[in-house]
Amino acid sequence: MKLINIGFGNMVNASRLVAIVSPESAPIKRIIQDCKERGTLIDATHGRRTRAVIITDCGHVILTYLQSETVANRLNDVDDELDIITEEDDENER
């Protein structure tokens with residue numbers, strides 16, 4: 001399991017992410033409101049402005065103060081690490 005830092009020491013399981021979106025559009029605002037009512041909203045902004053919304057495969061929605069590009073870059077860095085580890089494991093097996 002690889003974790004992505006989404007700010008203030010909060011982590012998200014990289015394999016559970018479905019989308020990282022901007023909070024500005026009306027459909028995303030509706031999704032946030034629906035999740036708040038259902039109790040599946042996780043606010044990891046620590047009182048700061050929401051700059052990205054993370055949607056998971058289990059229906060939870062996570063708010064973060066980081067920009068979506070920053071979260072995506074951190075996700076790509078995790079994927080690159082996984083590729084390197086897999087290549088090293090393959091070489092060790094030979």
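Let me begin by describing the structure that accompanies this report. Numbers given to residues run from 1 along each chain, matching the order in which its sequence is written. Residue-level local features of this predicted model are given only where pLDDT is at least 70; pairs of side-chain atoms are given and counted only at 80 or more, and the full residue set underlies all totals for whole chains, interfaces and linings. To obtain the side-chain values, all non-hydrogen atoms of the structure were used and water was disregarded.

Overview of the overall build of the chain
We count a stretch as a helix when DSSP gives it H or I for four or more residues in a row; a strand needs E for two or more, and each element gets its number in order from the N terminus. What the chain contains, in helices and strands, is 2 helices and 6 strands. Burial status follows relative accessibility: with a 1.4 Å probe on protein chains alone, a residue under 20% of its type maximum counts as buried, one over 50% as exposed, and anything between as partly exposed. Counting every position in the chain, which comprises 94 residues, the buried fraction comes to 31%. Pairs of residues are marked as contacts when any of their non-hydrogen atoms sit within 4.5 Å. Summarising the internal contacts of the chain: among those between residues at least 6 apart in sequence, 49% fall at separations of at least 24. A 1.4 Å probe and the Shrake-Rupley method give the accessible areas. Residues count as covered only by the protein chains that appear here. When the accessible surface of the chain is totalled, it reaches about 6,100 Å², and 46% of it is carbon and sulfur.

Considering the nonpolar core
Membership of the largest hydrophobic core is limited to 12 residues, which are Ile-4, Ile-6, Val-12, Ala-14, Leu-17, Ala-44, Ile-54, Ile-62, Tyr-65, Leu-66, Val-71 and Leu-75. Counting residues per element, the ones that place at least two in this core are strand S1 (3-7) and helix H2 (68-93). Dropping the residues within four chain positions of it, Leu-17 is found in contact with Ile-4, Val-12, Ile-54, Ile-55 and Leu-75. Judged by nonpolar contacts, the second largest core, of 6 residues, contains Ile-32, Cys-35, Val-53 and Leu-63. Throughout this description, the term nonpolar core refers to a set of buried Ala, Val, Leu, Ile, Met, Phe, Trp, Tyr and Cys residues connected via side-chain atoms within 4.5 Å.

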